[in-house]
Amino acid sequence: MEDAARLLQLVVNGAAAGCIYGLIALGFVLIYKATEMVNFAQGDIMMLGGFVAYSAIAHWGVNYWVGGLIAIAATAAFGYALDAIVLRRVIGQPQFAVVMLTLGLGFIFRAAAGITWGYDSVGFDTPFTNKTVKLGGLILGDDNLSIIAGTVLLCGVLYLFFAKTRLGVAMQASSQNQLAAYYMGIPVRNVFSMIWAISAGVAAVAGILLSPVSMIDVNMGFLGIKAFAAAVIGGFGSIPGSVIGGVFVGIVEQLAGYYLPAGFQEVTSNIVLLGMLFIRPQGLFAERMGKRV
Amino acid sequence: MTEALLHVDAIETFYGPIQAIRGVSLEVAPHQIVTVLGANGAGKTTVLRTVSGILDPEAGKVVFEGKDIAHMAPDQVMRMGICHVPEGREVFPFLTVRENLMMGSYTRRDSDGIAKDLALCFRYFPRLEERQHQRAGLLSGGEQQMLAISRALMGKPKLLLLDEPSLGLSPILVQQIFEIIRRINQEQGVAILLVEQNAHIALKTADYGYVLEVGRIVAEDHCATLLGRDDIKEFYLGQKEAGVRGQRRWKKRRLWN
Ligand SMILES: Nc1ncnc2c1ncn2[C@@H]1O[C@H](COP(=O)(O)OP(=O)(O)O)[C@@H](O)[C@H]1O
Ligand SMILES: [Mg+2]
């Protein structure tokens, strides 16, 4: 019984960490599906979102929810501008150029954040910090639960947006067939910038949800590497797949940390990624039809 | 044709350094079907892309309802009333048939009109109504062509640009689709600019025709007249006489220029 409870606790903790990976992965995937660019700065955008929330909540004394919204909106606007000003110019360039550009942007963001907010870890108070709920014999942290609940909620909102709104469907359309979208009079470039905005906004949500669990610092964006594994496991093209992939990585990582010798936890995501690439390189949720018919 | 709906005037269009269109002029009157015939690579698609604003011409004018639209963005051109059915159909494969159709009306805001036009499309192509909740990528080639035409109709066009709707379809299906194209033209009063390699069906469907070769118009006339011309018969209708084809082609081209 105690073992079962222990296991469940590990699974919940892992799922919470996995949700964060999943949200970053979701950002990777949205951008990749639309523009075939892999944005290696996604994790660093999460870091920026976290810092903006920190400034708003800890410095300006804004309420947690309002501060969160400010941070999400500001980060989304930043994502839009990033595409409109910088990344739009490299569409059609070799993949290598895009990789170098986004890696470089990651460096710049970390440096800029270090100059602005310093290199120390910071944090802010949230309604979920240091609280627990008891479920049967289980003691679960509000922080972890809030991450899971926030992720589920956000995924639901995104699903409704992409499936039911005209702009959301137009985003799907532009991702599936850019040329045809131009023929329909869809302003494809702006639509792509809006996809960048959504990805950045989602990253900011991840940064804010993460803040009761872990401090915000300049290097927190390196989580993006685990998110990358999550995206690949999810098939790098499937939105639900990326979140499920993230949760999978998170849980495996937790279990490895508990049951395997020290040191394994940190490399688990890489091992899972490698294993995946050997066994099922198209990912668990690869779309079966080609992009173009 | 003094009151042309569309007047293309000596356009020159490039892909990077490659000149694909070398001074093409043509006209489409309201309610008319005009066809541009040409072999593969002649520049038919490029002409349509230049009209719909996907490509900008380096020289020349594209005048629609008296306005030069040559350098307008595609969405502005659509709002003016020009809708494009692209070569190879280019449906959105993972969207449903219905969602594809709604994308055709992306630039519109009149939801009543949109609903009416959706019903209209389903009337012309009942198959699409049956399959409206299926992914477009799962449709057959003919159904995808129907969808591409309907999607363009959802933009409420005054002028419909059709790029090789016969491509890859069985002769019977081609007959059916062109029958409906003619009906759309007559019943909705939509003018049509149709580019085709299949000269037979195009000349039977259209009122007026142009012949495009390597980026230039080399002949134009009423379709009935073009159908009767020996050179057209030989090179575009496949009724060739045995022997010196290449030489004759050369001579005729000299005559045209
Ligand atoms: N995207 C492109 N880039 C470069 N050249 C192109 C491109 N598309 C077409 N061309 C060239 O332009 C010319 C006309 O092509 P196109 O308009 O597609 O002809 P058609 O539709 O009559 O088959 C051809 O020589 C073709 O090779
Ligand atoms: Mg063509």
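Residues numbered from 1 in each chain as written. Chains lettered and ligands numbered in written order. Predicted model: local features only at pLDDT ≥ 70, side-chain atom pairs only at ≥ 80, totals over all residues. Heavy atoms only, no water.

S.K.: How do you make sense of the overall build of chain A when you look at a structure like this?
M.R.: For chain A, the helix and strand inventory stands at 11 helices and 2 strands. For chain A, the succession of helices and strands along the chain, N to C, is α-α-α-α-β-β-α-α-α-α-α-α-α. A compact globule built from 293 residues should have a C-alpha radius of gyration of about 19 Å, and chain A, at 19 Å, falls within 12% of that. With the principal axes as the frame, chain A shows a C-alpha extent of 60 × 50 × 35 Å. Counting only residues that meet the buried cut, chain A has 51% of its 293 residues in that class. Taking contacts inside chain A between residues at least 6 apart in sequence as the whole, the part at least 24 apart equals 75%. Split by element, the accessible area of chain A, about 13200 Å² in all, is 68% carbon and sulfur. For chain A, the distance from the average site of its 15 positive side-chain charges to the average site of its 13 negative ones is 15 Å. (Helix = DSSP H or I, 4+ residues; strand = E, 2+ residues; numbered from the N terminus. Rg over C-alpha atoms; globule rule 2.2 N^0.38 Å. Buried < 20%, exposed > 50% of the residue type's maximum accessible area, 1.4 Å probe, protein only. Contact = heavy atoms within 4.5 Å. Areas by Shrake-Rupley, 256 points an atom, 1.4 Å probe, with all protein chains shown as cover. Lys, Arg positive; Asp, Glu negative; His and termini not counted. Charge placed at Lys NZ, Arg CZ, Asp CG, Glu CD.)

S.K.: Help me understand the overall build of chain B in this model?
M.R.: The number of helices and strands found in chain B is 11 helices and 10 strands. At 18 Å, chain B has a C-alpha radius of gyration in line with the 18 Å of a compact globule built from 257 residues. Structurally, chain B occupies a C-alpha span of about 55 × 40 × 35 Å along its principal axes. The buried share of chain B, taken over its 257 residues, is 55%. Residue pairs at least 24 apart in sequence account for 67% of intrachain contacts in chain B once pairs closer than 6 positions are excluded. Looking at chain B as shown, the accessible area adds up to about 11200 Å², and 49% of this sits on carbon and sulfur atoms. In chain B, which carries 32 positive and 31 negative side-chain charges, the distance between the mean positions of the two groups comes to 4 Å.

S.K.: In this structure, what is going on with the coordination of the magnesium ion (ligand 2)? I would like to understand it.
M.R.: Between any two of four tetrahedral donors, the ideal angle at the metal is 109.5 degrees; between two of six octahedral donors, it is 90 or 180 degrees. Bound to the magnesium ion (ligand 2) on the protein side are Thr45 of chain B (OG1) and Glu87 of chain B (OE), at distances that span 1.9 to 2.0 Å. With Thr45 of chain B in helix 1 (residues 44-51) and Glu87 of chain B in the loop between strand 6 (82-85) and helix 3 (97-104), this pair connects stretches of sequence that are 42 residues apart. (Donors = N, O, S within 2.8 Å, 3.2 Å for Na, K, Ca; no water.)

S.K.: What exactly am I supposed to notice about the packing of helix 3 (residues 64-86) of chain A against helix 8 (residues 188-210) of chain A here?
M.R.: Each pair of packed helices gets described by two things: the angle between the helix axes and the distance between those axes. Residue and element names in this part refer to chain A. Between helix 3 and helix 8, the least distance of the axes is 7 Å, while the angle of their chain directions is 145 degrees. Of the two possible hands of crossing, helix 3 and helix 8 adopt the one that is right-handed. Residues Tyr64, Gly68, Ala71, Ile72, Thr75, Ala76, Gly79, Tyr80, Leu82, Asp83 and Ala84 of helix 3 lie in contact with helix 8, whose contacting residues are Arg189, Asn190, Phe192, Ser193, Met194, Trp196, Ala197, Ala200, Gly201, Ala204, Val205 and Ile208. Of the residues contributing to the contact of helix 3 with helix 8, the split by class is 15 nonpolar, 6 polar and 2 charged. (Axes fitted to C-alpha atoms, helices over the stretch in contact; angles between N-to-C directions. Left-handed = near helix turned anticlockwise from the far one by under 90°. Nonpolar A, V, L, I, M, F, W, Y, C, P; charged D, E, K, R; others polar.)

S.K.: Can you walk me through the pattern of salt bridges in this structure?
M.R.: Two side chains that carry opposite charge are able to pair once their charged atoms sit near each other. Evaluated as defined, the whole model comprises 12 salt bridges over all chains. One salt bridge connects Lys226 of chain A with Glu253 of chain A, and the closest N-O pair in it is separated by 3.2 Å. Of the two residues, Lys226 of chain A is situated in helix 9 (residues 224-233) and Glu253 of chain A in helix 10 (residues 239-259); the sequence distance between them amounts to 27 residues. In terms of burial, Lys226 of chain A and Glu253 of chain A fall into one category: buried. Where Lys44 of chain B meets Glu164 of chain B, a salt bridge forms, and the shortest distance between an N and an O atom there is 3.6 Å. You can see Lys44 of chain B sitting in helix 1 and its partner Glu164 of chain B sitting in the loop between strand 7 (159-163) and helix 7 (171-188), a full 120 residues away along the chain. Taken as a pair, Lys44 of chain B and Glu164 of chain B share a single burial class, namely buried. When salt bridges with common partners are traced through the structure, they connect Arg108, Asp110 and Asp117 of chain B into a single cluster. (Salt bridge = Lys/Arg side-chain N within 4 Å of Asp/Glu carboxyl O.)

S.K.: Sorry if this is basic, but what is going on with the interface of chain A and chain B here?
M.R.: By a widespread convention, an interface's size corresponds to the accessible area lost as its parts come together. The interface of chain A with chain B comprises 24 residues on the first partner and 27 residues on the second. With both sides pooled, the region where chain A packs onto chain B buries about 2400 Å², and carbon together with sulfur makes up 67% of that total. The interface formed by chain A and chain B includes 6 residue pairs in polar contact (both at pLDDT 80 or more). Elements that contribute at least two residues to the side of chain A that touches chain B include exactly helix 6 (166-176) and helix 7 (178-183) of chain A. When residues of the side of chain A that touches chain B are assigned to their parent elements, the largest contribution, 7 residues, is made by helix 6 of chain A. Of the residues in the side of chain A that touches chain B, the class split is 15 nonpolar, 5 polar and 4 charged. (Buried area = accessible area lost by both parts, 1.4 Å probe. Polar contact = N/O pair within 3.5 Å; in protein donor to acceptor, adjacent residues only side chain to side chain.)

S.K.: Teacher, can you tell me more about the sheet that holds strand 3 (residues 33-37) of chain B here?
M.R.: Picture the strands of a sheet paired through backbone hydrogen bonds; they go either parallel or antiparallel. All names here are of chain B. Here 6 strands make up an open sheet; going across it, the order is 6-7-8-3-9-10 and the pairing mixed. The open sheet has two free edges, formed respectively by strand 6 and strand 10 (216-222), since each of these has just one partner strand. For this sheet, the mean angle separating the axes of adjacent strands, direction not counted, is 15 degrees. Strand direction decides the pairing type here: strand 6 and strand 7, joined by 4 bridges, are parallel. Paired with Ile82 across the strands is Leu159, a residue of strand 7. In the packing of helix 7 onto the sheet, contacts are made with strand 3, strand 7 and strand 8 (191-196), and the angle to strand 8 comes to roughly 155 degrees. (Pairing = 2+ DSSP bridges.)

S.K.: Which parts of the structure should I look at to understand the nonpolar core?
M.R.: When a protein is soluble and globular, its nonpolar side chains tend to lie buried together. In this structure, Ile20, Met46 and Ile186 of chain A together with Met103 of chain B are the most contacted members of the largest nonpolar core, which totals 84 residues. No other element matches the 14 residues that helix 8 of chain A contributes to this core. Other than its neighbours up to four places away in sequence, Ile186 of chain A contacts Ala170, Ala173, Ser174, Ala181 and Val191 of chain A together with Met103 and Tyr106 of chain B. Core analysis: the next-biggest nonpolar cluster, separate from the first, contains 51 residues, Ala152, Ile177, Ala206 and Leu237 of chain B among them. (Core = buried A, V, L, I, M, F, W, Y, C linked by side-chain atoms within 4.5 Å.)

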